[in-house]
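# Summary of structural features
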Number of protein chains: 2
Amino acid sequence: MTTHRLEPLLNPASIAIVGASSNPARIGGMPLAHLTRFGYAGRIYPINPKYEEVFGLRCWRDIEALPAAPDLAVLAIAAQDVLPMLRRCAAKGVRAAIVYAAGFAEAGAQGAALQAELEAFVAGTDMVVAGPNAMGFANLNSQAHTSFASVFNTAPMQQGPGSVSLLTQSGNVCAAVYAIARRLGVDFSHFINTGNEACVDFAQYLEYLAQDAATQVCVGYMEELRDGPRFIAAAEEFARRDKLLVLYKAGETDKGAQAVRSHTSALAGDQAIYRAAFRQLDIIQSHDFVQMAQLAHLAGYRHRRAGRRVAIITISGALGAILADKFIGAGLDVPTLPQALQDQLRAGIPDYGMVSNPVDVTGNVVNDPGFVRTAMQALAQSDAVDTVLVYAPGYLLDRMADDLCAVSRQYPKLFVAIDTGAATAREQLRAGGVPVFEDIGVATSALAPFLLWQERRRRNRWMAVRRQSAPARAALPDSLDEYRTKRLLAQHGVPAAPERVAATADEAAAAADAIGYPVVIKVLSPDIAHKTEAGGVRLRLADAAQVRQAFGEVLASCRRHDPRARIEGILVCRMESGVAELIVGATRDPVFGMTLTVGLGGVLTELYQDVSHRVLPVDEAMAREMLGELKAFPLLAGYRGRPPGDVDAACAAIAAFSRAVLALGDQVAEVEVNPLLVKEAGQGACMLDALAIPSGQ
Amino acid sequence: MTTHRLEPLLNPASIAIVGASSNPARIGGMPLAHLTRFGYAGRIYPINPKYEEVFGLRCWRDIEALPAAPDLAVLAIAAQDVLPMLRRCAAKGVRAAIVYAAGFAEAGAQGAALQAELEAFVAGTDMVVAGPNAMGFANLNSQAHTSFASVFNTAPMQQGPGSVSLLTQSGNVCAAVYAIARRLGVDFSHFINTGNEACVDFAQYLEYLAQDAATQVCVGYMEELRDGPRFIAAAEEFARRDKLLVLYKAGETDKGAQAVRSHTSALAGDQAIYRAAFRQLDIIQSHDFVQMAQLAHLAGYRHRRAGRRVAIITISGALGAILADKFIGAGLDVPTLPQALQDQLRAGIPDYGMVSNPVDVTGNVVNDPGFVRTAMQALAQSDAVDTVLVYAPGYLLDRMADDLCAVSRQYPKLFVAIDTGAATAREQLRAGGVPVFEDIGVATSALAPFLLWQERRRRNRWMAVRRQSAPARAALPDSLDEYRTKRLLAQHGVPAAPERVAATADEAAAAADAIGYPVVIKVLSPDIAHKTEAGGVRLRLADAAQVRQAFGEVLASCRRHDPRARIEGILVCRMESGVAELIVGATRDPVFGMTLTVGLGGVLTELYQDVSHRVLPVDEAMAREMLGELKAFPLLAGYRGRPPGDVDAACAAIAAFSRAVLALGDQVAEVEVNPLLVKEAGQGACMLDALAIPSGQ
């Protein structure tokens, strides 16, 4: 196994601090204070011609004077001095550098030029350079501290090895999450903030953490991704290695699409695409620092068996109901327990207690330790629940702690406790495999995504679909009118209704005779975007005479509408009817590439934003999941006596659309079928209109 | 001023504990332990023939032996002994009692009978009886502890007077919220849990707290309300006295309506009505214990000037953006600061900082205390923001603390701090009028409702509308067919289109001639609920001949559909068209009485639950607010080139509908206009169909 190229940056065997200071409050002094205080075992080379010694270490005059090239040089110097120093580091053979200085790309044109110069220089070397405008790192397992983060002075230092890595695009966020998580007792592996990402970007750090043996969990914060494919690959590696990835994506409100060319563009906000991609990659998306810290904590229990079906055991009916409400609201299940299990529980629970789930064992029962253990064992063995949650405040939890720990040792199922009081047994429980929360809201917010992740992982559909062979590249016709776009999509299996292009009224009538009545005719013109407004559409034509007459009227109307419009013909289509109309569209996301949006057609869909998104490829099973996410899905499934639609055919059409779009590759910017008509169950689906916008238009 | 009848229960001058125990872990010992330990100044009478003395107090043989009648008797005895003891208490002249015992209404038919007996007895006395199945109370100002809540043994006891009262329908919830709030330093006035509410219900306690001088804030938890009007009156008294009321209503998911008779029934879930009523009464609704505790804490700062427009001051661009995102997501505003204010700030903030809002003062600035104070003063004086939030972790906040406190003393505007580090100045700031949060999520969840409440209170629209005189009672016609229902509503000002009832084809043709074409005809029958399905509706009739023909066809079709249907005539209406169709309906909520639901008509409205609710009465301004809450409101306001609707007319129609429903009073169970057609701006609105269901049907 080769060493990852970021190894000297994140796990250096020797560190030089250029611009060393003896003042632990200064950025040139703080990393030295941390390194010496926390016992870094590698060599440390402070560099500053003003000092002979700092923090009890020999201080060197300059980088050239060092007896050997250090793995890593930390540059605690001003922006304008950075590039000359990097040159000297490279000459010395330094493998990696961290640039603290601000004043680069974030600081106007001059700074951007300085950063471009830095990037150009680094590209010509073997050096790995972090930052600029970064706070530096900490490897909490080797105590390689290369940051000027004061949080290490105030947060309690961990006593043993850690397996949680922090990766953020903001130094202050890194410090804030670290402080919260340390208060919860989370032990860390890496503390990483990426700064301006001039030479090493978020995805590269993530790639490092995916293969890093010490890292089992990554908790991250990002504002924007530069390298989508690399990010996807790193996230897949996390999933493959059964590591948990929790990410906070800044910007919870969608930016307005810059230029809305298709309906799909208006529906596909960038935040929605991030949400979809995270879900497809089994990444837990967080919007809260405490939740992130709690998830990092919970991840320590991820090897226990757990899932969405929760048994709630309380000493209070009200709190049982509150917990059930919150868990169900967060997407978990609180199933009624099987009768046999209820009978087992009833044996020890008085009549005024409850045994169905939530289970109210009543306050008295905790005085009967034999029963508590028997009840917990019965729940541990039951196939009807995946996770057992115990709510008992303070001394009541203390009385149950031994039994909980014993059962948790005996069975692989996850037991979780909530104590809103002041139980003294919390640490005993945590060490015994039972995480303890102090608050119901926090518990719900961390448990729900964690338990759903537990269920989802190892059977990720998208990663399987991605491994299938890509469709062969399809050629793009010169003109992408509606007819040609539909033909192109139909070649990949998107169902089309019978239709023909006619140049004359006679051809149109003949086409209609062949297709069968009633028919629709539509103008085909690259210059007429809104056909209906131009009078370019005629519906429900019942015979050849009507077709002939409508042909003339459509041409006349379109010529009046735009005398210069090029008219390529008239499209004659069978008049189809069905149960519902979908919009199925693909747009190119700058980070994740081609993404799919599915919704019910119409103006309300846009107002309600009732759409589902995925990054391509999407197969039929994923398409079904997308349709199921729509609030309007009941309309497809047969709502209030309406006939159900052909959902199977719609899913097949969406999967075929995905293949078609991937086959077109970078030739198109957007592709949209709007509407895709879904007919009654068993009768299929078909495109009624389609649009493709080539790239660069 | 007379004393409230709950005074001896909640602020007793003397307390007897019937069933006293010397064991502080038993329910008969715990209140005595609390009373003696926390220094209750009133007389305490332990009663138990087994003891001479408990907790250093003389123990009395029985209630009859007491030298005087105590204000309050706490009954720590079994359910079957309660009623005999209450009789003896009444005979002694005891004014109030608390019943701990379970085994009443919550415990099957036998318990229910026992409770009914208790209620009947108490109704014939002057005694006030709390519970049964209650944990007891605590008055934290007088230290009158009458509960067996162990939380007082573990939570730190407050040092001075408190002004926050806890009122819950669950003893365990009372204890859990108390523990959380005490950790935040909230000082309490009353600790109340209501138990089975046999004789005193939630609304009566709330009424007590509204007039209680010690109580400035009530934080409550409820499962169901028994007395809606009393609750409304108490909540109004809270608002009138400028006290804050925060309530958690259990059951976050709506129960399915038992019998769906109108569309409105399907749209008006009970939780939605609670949400609407709370909002109309300026009650902050909470779903989280920590948020409740934080709001109780924040309420201590409610006399400072504050509102929704927040200036965010940070030392980190990333955290400024995160805060702005969260605040805007929670309904607050983060307005761009006026240029003059930006210029003032820029004078002390380096180029790489930000001055627009969020303001990034950068880490360096905190070293310049003169500037910090100047900047804070400028923000305190600005009319462009209502509230100033400072995010600075740990030592950075410490450096700003003196300035923050000084400015906070100088100006009435609310300053709030968030410290995700470990600032030592937290208590200094809190004492100086600056609340400090430790977490961004918690801060947002408490600040947003608090600041919005600050803005809303003192200009409550509903309470003003309620004070207006009620409309005169309207008589209900014998038969409530569509025509008569519309006439009834029209009498109160709900706009109707011209329409007439016709008994013959000739009458119908004459009516249509008078109304003007095109017209619609509809069957009028109390037996045909779904007119369209019965063939009982014909649209777009253009002349008298068509009307005559349609008249015969409608009758024939309806007779085929249901030969026994009573047909009262044919309604001839003008065929109207407009911009959008609303559903406007009233249903009777068992707690809050007649409530109004407004939404856009159609099947999607039901799927998306895009509706707004209010408890009646509703005036035009409230109607406008309701329409504005609809996600589909843009359709009314002129969406994507559509003509805007006559929103004014729609609001007037809704207010008239409210008056009509109130005039009908308890004669109707449901009234619905579906649809109310909204025409283009300036052209009005009108009922297209209406339905009224008399009470008891």
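Keep in mind that what you see is a predicted model, and the values were worked out from it rather than measured.

What follows covers the nonpolar core. Soluble, globular proteins show a tendency: their nonpolar side chains are buried together. By size, the foremost hydrophobic cluster in this structure holds 261 residues, and its most contacted members are Leu9(A), Phe231(A), Leu9(B) and Phe231(B). Considering each element in turn, this core owes the most residues, 12 residues, to helix H26 (residues 647-664) of chain B. In this structure Phe231(A) touches Phe202(A), Ala203(A), Leu206(A), Met222(A), Leu225(A), Leu247(A), Phe278(A), Leu281(A), Ile283(A) and Phe592(A), once residues within four positions along its chain are discounted. Counting 132 residues, the second-largest nonpolar core is a separate cluster that includes Phe38(A), Ala181(A), Leu295(A) and Leu389(B).

The next subject is the interface of chain B and chain A. A common way to report how large an interface is uses the accessible area buried once the components associate. At the interface, 49 residues of chain B touch 49 residues of chain A. For the pair chain B and chain A, the summed buried surface comes to about 4,000 Å²; carbon and sulfur atoms form 58% of the total. By the criterion of area lost to chain A, the three top residues of chain B are Asp325(B), Leu607(B) and Tyr608(B), representing 16% of everything that side buries. Linking chain B with chain A are 0 salt bridges. Between the two partners, chain B and chain A, sit 4 residue pairs in polar contact (both at pLDDT 80 or more). It is helix H6 (residues 171-183) of chain B that provides the largest number of residues to the side of chain B that touches chain A, a total of 6 residues.

This paragraph deals with the pairing of strand E2 (residues 43-47) of chain A. Residue and element names in this part refer to chain A. With 4 of its 5 residues buried, E2 lies for the most part within the structure. Note: strand E1 (residues 14-18) against E2, 5 bridges, orientation parallel. Within E2, the residue paired with Ile17 across the bridge is Pro46. Handedness of the crossover joining E1 and E2 through helix H2 (residues 30-38): right-handed.

Residues and elements named next belong to chain A. Reading across the sheet, the 7 strands line up as E9-E8-E11-E10-E12-E13-E14 and stay open at both edges, with mixed pairing between neighbours. The open sheet has two edge strands, strand E9 (144-145) and strand E14 (284-286), and neither has a second partner. Relative to E14, strand E13 (residues 244-249) runs parallel, the two sharing 3 bridges. Within E14, the residue paired with Leu247 across the bridge is Gln285.

Once that is clear, we can look at the environment of Gly601(A). Residue and element names in this part refer to chain A. You can see Gly601 is positioned in the loop between strand E25 (593-600) and helix H23 (603-608). Judged by its relative accessible area of 29%, Gly601 is partly exposed. Along the sequence, Gly601 and Leu677 sit 76 residues apart, while their C-alpha atoms lie 9.5 Å from each other. Beyond its immediate chain neighbours, meaning those up to four positions away, Gly601 contacts Glu581, Leu582 and Ile583.

Attention now goes to unusual backbone geometry. Residue and element names in this part refer to chain A. Following Gly131, the chain continues to Pro132 via a peptide bond in cis, the omega torsion being -5 degrees. Non-glycine residue Asp242 carries a positive phi angle of around 65 degrees. Relative to the helices and strands, Asp242 is located in the loop between helix H8 (228-240) and E13. By relative accessible area, Asp242 is classed as buried at 17%.

Cut-offs used in this document
Residues numbered from 1 in each chain as written. Chains lettered and ligands numbered in written order. Predicted model: local features only at pLDDT ≥ 70, side-chain atom pairs only at ≥ 80, totals over all residues. Heavy atoms only, no water. Core = buried A, V, L, I, M, F, W, Y, C linked by side-chain atoms within 4.5 Å. Buried < 20%, exposed > 50% of the residue type's maximum accessible area, 1.4 Å probe, protein only. Helix = DSSP H or I, 4+ residues; strand = E, 2+ residues; numbered from the N terminus. Contact = heavy atoms within 4.5 Å. Buried area = accessible area lost by both parts, 1.4 Å probe. Salt bridge = Lys/Arg side-chain N within 4 Å of Asp/Glu carboxyl O. Polar contact = N/O pair within 3.5 Å; in protein donor to acceptor, adjacent residues only side chain to side chain. Pairing = 2+ DSSP bridges. Right-handed = clockwise from strand over helix to strand, strands pointing away.

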